[in-house]
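# Summary of the model geometry
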Amino acid sequence: NSHPLYRRRTILEASQPSVSLMLMYQRVPNLIGGNFVESQSFESINVINPATQQVVSQVPLTTNEEFKAAVSAAKQAFPSWHNTPITTRQRIMFKLQELIQRDMDKLAMNITTEQGKTLKDAQGDVFRGLEVVEHACGMATLQMGAFVSNVSNGIDTYSLREPLGVCAGICPFNFPAMIPLWMFPVAVTCGNTFILKPSEKDPGASMMLAELAMEAGLPSGVLNIVHGTNDIVNAICDDDSIRAISFVGSNTAGMHIYARGSAKGKRVQSNMGAKNHGIVMPDANLDATLNALAAAGFGAAGQRCMALSAVIFVGGSKSWEDKLVERAKALQVNAGTDPEADLGPVISKQAKERICRLIQSGVESGARLLLDGRNIVVPGYEQGNFIGPTILTDVKADMECYKEEIFGPVLVCMQADSLEEAINIINGNRYGNGASIFTTSGVAARKFQNEIEAGQVGINVPIPVPLPFFSFTGSKASFAGDLNFYGKAGVQFYTQIKTVTQQWKEFPSGSGVSLAMPTSQ
Ligand code: NAD
């Protein structure tokens, strides 16, 4: 990682305390009050390239004093940022949009290096975040209040959407650019200041985006970045100056943050895990459906919260499984930098072990492995955390491989006799991020759309992630909170309403005091 912000630092490897083994790693700085500063913490975590196992950089476990300094910087920056004209705030987003496009390739390369996804997919990661920046360019309209004239004689009432103050965002590893961009552009353009806690596994894209935001003209202290893991997250939940938390990640962390943050009176929006199903009706277009299943099941090595990870074949479409296996076999597994790669490695050795264990548990509980990607070796990247596309069939709803989110390139296949039965399977699952149907029947599609309990529905579309003029609307165990990310709901999340009632009229002289509850006249 050649990012100029990273200062080289000599670090003594704890396991090898010999001076001859002192290694040079680049330590990722925090961003506090407009300065990229190195943490004084002695503890750090290695950021590891999942294809090569090389250490890319080190993430510090930020100290409590440094965290407090970041909050204080955000607090100090708030009054003048809040009073900065909305057009000026929007203009910074226009500039940020341009700068992200300028640096798209650099950002994508950083994502591929730290996260592992293919370069093309990494570009998509940046692009889907860029669209949120574009949306934030229209904030004046999005943040408009309402006005009702003459609610009573000479009295008008109007509402203003005002920023909350200091907000915070806690990010997962799987979309190192898109998810930070779901958060801070909306928050700051509404007039808030922000503390971002990137994933400790791939913080590089957040750092580059922050640098671009500063270059675009975001004043010091408006966006701050602190690194770390559980302790810093708990500090964010507990800090009285932070008014709202945006979280994206697993259910374990998300529910903890939701409970701990709300107990402190904060707003929390928590986007969590998923098990997204695709129903394949026998009348679906065969080629388009199989292509969609392979792409949405194995793209990004299955590490998307909207990955399509469970397929329910209805009736005769079960016989399509063999063709799905052929499609999956044809996919190229390689380092994300290889131009031919369809999917790269999974994020860590631990993730690979967990995924392999879930596949094995499926086999042991009676599922059949149609394709086993566990023993794949990628020449030149023998140490990489690769798993090839894997397909389990005859999966039942009580199996662990079905109940758990696998978050790897694994498709679990099930069978149903009718659409009704397939919908019941999906509605019985605890998650509700997304569900899709593949069919040429409008009647089936409409029934599915009406009856399915999932927040994002695809009809002949495998990954129906809404564009930023809508919101990301996961439901059930996939979301906690009530205002979703981005779109109108995102603006509502980062603002509070002030309602003003004003009276301007000539007051007649001699009117008396009335203690009755005011009513409109
Ligand atoms: P994760 O929960 O392990 O980590 C997310 C963040 O929480 C990180 O910044 C991490 O430092 C912090 N964290 C982790 N455990 C914590 C704990 N016990 N206490 C406090 N903080 C903690 O998630 P991940 O592995 O980085 O991301 C994958 C998960 O994210 C998957 O479940 C995926 O479905 C989900 N995800 C959901 C969406 C969505 O929009 N619904 C989008 C992307 C990813």
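From a predicted model like this one, the values you see are computed outputs, not experimental measurements.

Of the regular secondary structure elements, the protein chain holds 16 helices and 24 strands. A compact globule built from 521 residues should have a C-alpha radius of gyration of about 24 Å, and the protein chain, at 25 Å, falls within 12% of that. Seen along its three principal axes, the alpha-carbon backbone of the protein chain occupies a region of about 90 × 70 × 40 Å. Looking at the protein chain residue by residue over its 521 residues, the buried ones come to 56%. Within the protein chain, residue pairs in contact and separated by at least 24 positions form 72% of the contacts whose partners lie at least 6 positions apart.

If you check the shell around the ligand, you find 26 residues, and the closest are Cys-171, Lys-197, Glu-200, Ser-250 and Glu-405. For the ligand, the accessible surface in isolation is 840 Å², of which the surrounding protein chains cover 88%. Secondary-structure elements contributing two or more residues to the shell around the ligand are α6 (178-189), α8 (230-238), β12 (242-248) and α9 (251-263). Tallied by class, the residues present in the shell around the ligand amount to 14 nonpolar, nine polar and three charged.

Let us now look at the side chain of His-277. By the element assignment, His-277 lies in strand β14 (residues 276-280). With relative accessibility at 1%, the residue His-277 sits in the buried group. Within the structure, His-277 has its side chain in polar contact with the backbone oxygen of Lys-275 (distance 3.2 Å).

The next subject is the sheet that holds strand β7 (residues 146-152). The sheet built from three strands is open, its strands ordered β7-β8-β24 with antiparallel pairing. Sheet topology places β7 and β24 (495-503) at the edges, where each strand pairs with a single neighbour. Shown here is a sheet whose adjacent strand axes are inclined to one another by a mean of 25°, direction ignored. By the bridge criterion, nine bridges tie strand β8 (residues 155-163) to β24 in an arrangement that is antiparallel. Of the residues in β24, the one forming a bridge with Tyr-158 is Val-500.

Let us now look at a nonpolar patch on the surface. On the surface, Leu-467, Phe-469 and Phe-470 cluster together into a nonpolar patch covering about 330 Å² of accessible area. For Leu-467, the location among the structural elements is in the loop between β21 (456-459) and β22 (475-476). For Leu-467, a relative accessible area of 33% puts it in the partly exposed group.

Across all of its chains, the model carries eight aromatic pairs by this definition. Between Phe-147 and Tyr-158, the aromatic rings sit 5.4 Å apart at their centres with planes inclined by 0°, giving stacked as the arrangement. Of the two residues, Phe-147 is situated in strand β7 and Tyr-158 in strand β8; the sequence distance between them amounts to 11 residues. With a centroid separation of 5.1 Å and 75° between ring planes, the pair formed by Phe-493 and Tyr-494 is classed as edge-to-face. An identical accessibility class is assigned to Phe-493 and Tyr-494; each is buried. In this structure an aromatic cluster arises from ring pairing among Trp-182, Phe-472, Phe-485 and Tyr-486. A cation sits over an aromatic face here: Arg-89 above Trp-81, 6.0 Å from the ring centre.

So, about the sheet that holds strand β15 (residues 308-314). Taken in spatial order, the seven strands make up an open sheet running β16-β17-β18-β15-β14-β20-β21, and their pairing is mixed. Unpaired on one side and paired on the other, β16 (368-371) and β21 mark the two borders of the sheet. Each adjacent strand pair in this sheet contributes to an overall mean axis angle of 20°, direction not counted. Of the strand pairs in this sheet, β14 and strand β20 (residues 434-438) are connected by four bridges, and their pairing is parallel. By the bridge assignment for β20, Gly-278 is matched with Ser-436. Along the sheet, helix α11 (residues 321-329) makes contact with β15, β16, β17 (390-393) and β18 (410-416), crossing β16 at roughly 50°.

In this section: α6. Given a rise of 1.5 Å per residue, 12 residues ought to cover 16 Å, and the 17 Å separating the end C-alpha atoms of α6 matches this to within 8%. Every buried residue of α6 is accounted for by Met-178, Ile-179, Pro-180, Leu-181, Trp-182, Met-183, Phe-184, Pro-185, Val-186, Ala-187, Val-188 and Thr-189. With its phi angle positive at about 110°, Gly-191 sits one or two positions after the end of α6.

Right, let's get into the confidence of the model for the protein chain. Here the protein chain averages 95 in pLDDT, and 95% of its residues register 70 or above. Here residues 8-23 scores under 50 on pLDDT; set against residues more than four positions off or in separate chains, the count is 23 contacts. Under the prediction, the complex receives an ipTM of 0.99, its pTM being 0.95.

We now examine the pairing of β15. Along β15, seven of the seven residues are buried, which leaves the element largely enclosed by surrounding structure. As paired strands, β14 and β15 are joined by five bridges and run parallel to one another. From the neighbouring strand, Ile-279 faces β15, where its bridge partner is Ile-312. Note: β15 against β18, five bridges, orientation parallel. Across the sheet, the residue bridging to Ile-312 is Met-414, located in β18.

Calculation criteria
Residues numbered from 1 in each chain as written. Predicted model: local features only at pLDDT ≥ 70, side-chain atom pairs only at ≥ 80, totals over all residues. Heavy atoms only, no water. Helix = DSSP H or I, 4+ residues; strand = E, 2+ residues; numbered from the N terminus. Rg over C-alpha atoms; globule rule 2.2 N^0.38 Å. Buried < 20%, exposed > 50% of the residue type's maximum accessible area, 1.4 Å probe, protein only. Contact = heavy atoms within 4.5 Å. Near = heavy atom within 4 Å. Areas by Shrake-Rupley, 256 points an atom, 1.4 Å probe, with all protein chains shown as cover. Nonpolar A, V, L, I, M, F, W, Y, C, P; charged D, E, K, R; others polar. Polar contact = N/O pair within 3.5 Å; in protein donor to acceptor, adjacent residues only side chain to side chain. Pairing = 2+ DSSP bridges. Axes fitted to C-alpha atoms, helices over the stretch in contact; angles between N-to-C directions. Patch = residues over 30% accessible without salt bridge, like charges linked within 9 Å, V, L, I, M, F, W, Y side chains within 5 Å. Salt bridge = Lys/Arg side-chain N within 4 Å of Asp/Glu carboxyl O. Phe/Tyr/Trp six-rings, centres within 6.5 Å; stacked < 30°, edge-to-face > 60°. Lys NZ or Arg CZ within 6 Å of the ring centre and 35° of its normal. Expected span 1.5 Å × (residues − 1). pLDDT = per-residue confidence, 0-100.

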